[in-house]
Amino acid sequence: MNRLDSDKRAQVINCLVEGCSIRSIVRMTGVSKKCVMRLLVEAGAVASKYQDEAFRNLQCHRIQVDELWAFIGAKAKNVTPEITAKNPNAGDIWLWVAIDADTKLVPCWMLGGRDAGVASQFLYDLRQRLSNRVQLTSDGHRAYVEAVDYAFGGMNIDYAMLVKLYGES
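Owing to the predicted nature of the structure, the values given are computational and were not obtained by experimental measurement.

Engineer: Hey, could you run me through the overall build of the protein in this one?
Structural biologist: When helices and strands are counted, the protein shows six helices and five strands. Ordering the α and β elements of the protein from the N terminus gives α-α-α-β-α-β-β-α-β-α-β. Its C-alpha atoms give the protein a radius of gyration of 20 Å, clearly above 15 Å, the size a compact globule of 169 residues would have. Burial statistics for the protein: of 169 residues in total, 30% are counted as buried. Of the accessible surface of the protein, which amounts to about 11,400 Å², a share of 54% is contributed by carbon and sulfur atoms. Side-chain charges in the protein split into 21 positive and 19 negative, and the spacing between the mean points of these groups amounts to 8 Å.

Structure below.
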(Lines give C-alpha, C1' and ligand atoms only; values in the text may rest on other atoms or scores of the structure.)
Protein backbone atom coordinates (compact mmCIF):
# COMPACT_ATOMS: atom_id res chain seq x y z
CA MET A 1 0.00 0.00 0.00
CA ASN A 2 1.33 3.45 -0.90
CA ARG A 3 1.72 5.96 1.93
CA LEU A 4 2.12 9.68 1.70
CA ASP A 5 5.33 11.06 3.13
CA SER A 6 5.12 13.44 6.09
CA ASP A 7 5.64 16.57 4.00
CA LYS A 8 2.79 15.72 1.61
CA ARG A 9 0.49 14.80 4.53
CA ALA A 10 1.32 18.12 6.19
CA GLN A 11 0.60 19.97 2.94
CA VAL A 12 -2.83 18.31 2.61
CA ILE A 13 -3.74 18.96 6.25
CA ASN A 14 -2.59 22.57 5.94
CA CYS A 15 -4.90 23.00 2.94
CA LEU A 16 -7.79 21.48 4.92
CA VAL A 17 -7.12 23.82 7.85
CA GLU A 18 -7.08 26.79 5.47
CA GLY A 19 -10.55 25.81 4.26
CA CYS A 20 -9.68 24.59 0.78
CA SER A 21 -12.16 22.26 -0.88
CA ILE A 22 -11.21 18.63 -1.39
CA ARG A 23 -11.16 19.05 -5.16
CA SER A 24 -8.87 22.07 -4.94
CA ILE A 25 -6.53 20.13 -2.64
CA VAL A 26 -6.41 17.35 -5.24
CA ARG A 27 -5.45 19.90 -7.92
CA MET A 28 -2.86 21.68 -5.74
CA THR A 29 -1.15 18.61 -4.27
CA GLY A 30 -1.69 15.86 -6.82
CA VAL A 31 -3.02 13.58 -4.08
CA SER A 32 -6.12 11.54 -4.97
CA LYS A 33 -9.54 12.55 -3.65
CA LYS A 34 -9.89 9.23 -1.82
CA CYS A 35 -6.53 9.76 -0.13
CA VAL A 36 -7.41 13.32 0.94
CA MET A 37 -10.68 12.12 2.43
CA ARG A 38 -8.96 9.24 4.23
CA LEU A 39 -6.38 11.65 5.65
CA LEU A 40 -9.20 13.98 6.75
CA VAL A 41 -10.87 11.13 8.66
CA GLU A 42 -7.55 10.10 10.27
CA ALA A 43 -6.72 13.67 11.28
CA GLY A 44 -10.22 14.12 12.71
CA ALA A 45 -9.89 10.96 14.79
CA VAL A 46 -6.52 12.08 16.16
CA ALA A 47 -7.85 15.57 16.98
CA SER A 48 -10.95 14.13 18.65
CA LYS A 49 -8.87 11.74 20.77
CA TYR A 50 -6.51 14.57 21.77
CA GLN A 51 -9.40 16.85 22.73
CA ASP A 52 -11.06 14.10 24.75
CA GLU A 53 -7.86 13.44 26.73
CA ALA A 54 -6.57 17.02 27.09
CA PHE A 55 -9.79 18.90 27.83
CA ARG A 56 -10.24 17.72 31.41
CA ASN A 57 -10.35 19.68 34.69
CA LEU A 58 -11.05 22.90 32.80
CA GLN A 59 -11.52 26.04 34.86
CA CYS A 60 -14.13 27.74 32.71
CA HIS A 61 -16.45 30.28 34.31
CA ARG A 62 -19.06 31.14 31.67
CA ILE A 63 -20.20 28.47 29.20
CA GLN A 64 -22.68 28.99 26.40
CA VAL A 65 -24.34 26.00 24.72
CA ASP A 66 -26.23 25.87 21.47
CA GLU A 67 -27.12 23.52 18.65
CA LEU A 68 -26.71 24.01 14.90
CA TRP A 69 -28.69 22.21 12.20
CA ALA A 70 -27.19 20.61 9.11
CA PHE A 71 -27.95 17.61 6.93
CA ILE A 72 -26.09 14.58 5.65
CA GLY A 73 -26.75 13.77 2.00
CA ALA A 74 -30.23 15.28 1.97
CA LYS A 75 -32.67 17.05 4.25
CA ALA A 76 -34.79 14.60 6.23
CA LYS A 77 -37.93 15.43 4.22
CA ASN A 78 -36.10 14.59 0.96
CA VAL A 79 -34.49 11.30 2.02
CA THR A 80 -35.61 8.49 -0.27
CA PRO A 81 -35.07 4.73 0.12
CA GLU A 82 -32.34 4.97 -2.53
CA ILE A 83 -30.47 7.62 -0.52
CA THR A 84 -30.88 5.57 2.67
CA ALA A 85 -29.46 2.50 0.88
CA LYS A 86 -26.33 4.49 -0.01
CA ASN A 87 -26.04 6.27 3.36
CA PRO A 88 -28.10 5.09 6.34
CA ASN A 89 -27.11 8.29 8.22
CA ALA A 90 -28.68 10.58 5.61
CA GLY A 91 -30.99 13.27 6.91
CA ASP A 92 -30.96 15.96 9.55
CA ILE A 93 -28.10 16.20 12.04
CA TRP A 94 -27.50 18.63 14.90
CA LEU A 95 -24.13 19.84 16.17
CA TRP A 96 -24.32 20.49 19.92
CA VAL A 97 -21.52 22.79 21.00
CA ALA A 98 -20.32 24.31 24.28
CA ILE A 99 -18.20 27.47 24.12
CA ASP A 100 -16.32 29.20 26.91
CA ALA A 101 -17.55 32.79 26.62
CA ASP A 102 -14.24 34.24 27.84
CA THR A 103 -11.62 32.19 25.98
CA LYS A 104 -13.72 30.83 23.05
CA LEU A 105 -12.48 27.33 23.93
CA VAL A 106 -14.82 24.51 22.84
CA PRO A 107 -14.64 22.03 25.73
CA CYS A 108 -17.01 19.57 24.05
CA TRP A 109 -19.28 19.01 21.10
CA MET A 110 -21.59 16.24 19.95
CA LEU A 111 -23.45 15.21 16.80
CA GLY A 112 -26.95 13.80 17.12
CA GLY A 113 -30.64 14.48 17.04
CA ARG A 114 -32.31 17.45 18.69
CA ASP A 115 -33.89 15.66 21.62
CA ALA A 116 -33.60 15.44 25.40
CA GLY A 117 -31.51 12.25 25.29
CA VAL A 118 -28.76 13.81 23.19
CA ALA A 119 -28.94 17.01 25.25
CA SER A 120 -28.42 14.98 28.43
CA GLN A 121 -25.43 13.08 26.98
CA PHE A 122 -23.93 16.34 25.73
CA LEU A 123 -24.22 18.18 29.05
CA TYR A 124 -23.03 15.13 31.02
CA ASP A 125 -19.89 15.11 28.86
CA LEU A 126 -19.47 18.85 29.53
CA ARG A 127 -19.79 18.34 33.29
CA GLN A 128 -17.08 15.64 33.20
CA ARG A 129 -14.65 18.18 31.72
CA LEU A 130 -15.16 20.99 34.25
CA SER A 131 -13.41 21.37 37.60
CA ASN A 132 -15.43 24.21 39.12
CA ARG A 133 -18.86 25.79 39.33
CA VAL A 134 -19.88 27.47 36.06
CA GLN A 135 -22.50 29.81 34.73
CA LEU A 136 -24.25 27.97 31.90
CA THR A 137 -26.39 29.80 29.35
CA SER A 138 -28.54 28.20 26.66
CA ASP A 139 -31.23 29.25 24.26
CA GLY A 140 -34.87 28.43 24.98
CA HIS A 141 -34.72 24.82 23.74
CA ARG A 142 -36.76 22.85 26.30
CA ALA A 143 -34.48 19.81 26.17
CA TYR A 144 -31.86 21.76 28.12
CA VAL A 145 -34.03 22.04 31.25
CA GLU A 146 -34.07 18.30 31.96
CA ALA A 147 -30.56 17.80 30.62
CA VAL A 148 -29.03 20.35 33.01
CA ASP A 149 -30.79 18.69 35.94
CA TYR A 150 -29.61 15.24 34.78
CA ALA A 151 -26.00 16.24 34.10
CA PHE A 152 -25.35 18.61 36.98
CA GLY A 153 -27.88 17.37 39.52
CA GLY A 154 -28.60 20.87 40.80
CA MET A 155 -25.03 21.47 41.98
CA ASN A 156 -21.98 23.20 40.54
CA ILE A 157 -24.07 25.15 38.07
CA ASP A 158 -25.75 28.53 37.68
CA TYR A 159 -28.10 27.98 34.75
CA ALA A 160 -30.07 30.49 32.69
CA MET A 161 -31.94 30.45 29.40
CA LEU A 162 -31.51 33.45 27.15
CA VAL A 163 -34.65 33.85 25.04
CA LYS A 164 -34.59 36.66 22.50
CA LEU A 165 -37.83 38.35 21.51
CA TYR A 166 -37.82 40.18 18.19
CA GLY A 167 -40.30 42.85 17.29
CA GLU A 168 -41.24 46.45 17.76
CA SER A 169 -40.15 48.07 21.02
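Engineer: Whenever I open this one, the sheet that holds strand β3 (residues 108-112) confuses me. Can you help?
Structural biologist: Whether parallel or antiparallel, the strands of a sheet pair through hydrogen bonds between backbone atoms. In space, the five strands of this open sheet follow the order β3-β2-β1-β4-β5, with mixed pairing throughout. Because the sheet does not close on itself, it has two edges, and the strands there are β3 and β5 (157-161). Taking the axes of each pair of neighbouring strands and ignoring which way they run, one obtains an average angle of 20 degrees across the sheet. Note: strand β2 (residues 91-100) against β3, five bridges, orientation antiparallel. Each residue of the ladder has a partner; that of W94, found in β3, is G112.

Engineer: How should helix α1 (residues 6-17) be read in this particular structure?
Structural biologist: For an α-helix, the turn length of 3.6 residues means that residues three or four places apart are oriented alike. For α1, spanning 12 residues, the distance from its first C-alpha to its last is 16 Å, which sits close to the expected 16 Å at 1.5 Å a residue. Of the residues that open α1, the one with a side-chain oxygen 3.1 Å from the backbone nitrogen of D7 is D5. Just downstream of α1 lies G19, where phi reads positive at about 90 degrees.

Engineer: Explanation requested: the packing of helix α5 (residues 116-129) against helix α6 (residues 143-152) in the structure shown.
Structural biologist: The geometry of a pair of packed helices is captured by two quantities: the angle between their axes and the separation between those axes. Between α5 and α6, the least distance of the axes is 8 Å, while the angle of their chain directions is 40 degrees. Relative to α6, the element α5 is oriented oblique. The crossing of α5 and α6 is right-handed. Residue-level contacts link A116, A119, S120, L123, Y124, L126 and R127 of α5 to A143, Y144, E146, A147, V148, Y150, A151 and F152 of α6. Classifying every residue of the contact of α5 with α6 gives 12 nonpolar, one polar and two charged.

Engineer: How should I be thinking about the pairing of β2 in this particular structure?
Structural biologist: Taken residue by residue, a regular strand's side chains alternate between the two faces of the sheet. Alignment of strand β1 (residues 62-72) against β2, held across 10 bridges, turns out to be antiparallel. Counted as the bridge partner of I72 is G91 from β2.

The rules we used
- Residues numbered from 1 in each chain as written.
- Predicted model: local features only at pLDDT ≥ 70, side-chain atom pairs only at ≥ 80, totals over all residues.
- Heavy atoms only, no water.
- Helix = DSSP H or I, 4+ residues; strand = E, 2+ residues; numbered from the N terminus.
- Rg over C-alpha atoms; globule rule 2.2 N^0.38 Å.
- Buried < 20%, exposed > 50% of the residue type's maximum accessible area, 1.4 Å probe, protein only.
- Areas by Shrake-Rupley, 256 points an atom, 1.4 Å probe, with all protein chains shown as cover.
- Lys, Arg positive; Asp, Glu negative; His and termini not counted.
- Charge placed at Lys NZ, Arg CZ, Asp CG, Glu CD.
- Pairing = 2+ DSSP bridges.
- Axes fitted to C-alpha atoms, helices over the stretch in contact; angles between N-to-C directions.
- Expected span 1.5 Å × (residues − 1).
- Polar contact = N/O pair within 3.5 Å; in protein donor to acceptor, adjacent residues only side chain to side chain.
- Parallel < 35°, antiparallel > 145°, perpendicular 65-115°, else oblique.
- Left-handed = near helix turned anticlockwise from the far one by under 90°.
- Contact = heavy atoms within 4.5 Å.
- Nonpolar A, V, L, I, M, F, W, Y, C, P; charged D, E, K, R; others polar.

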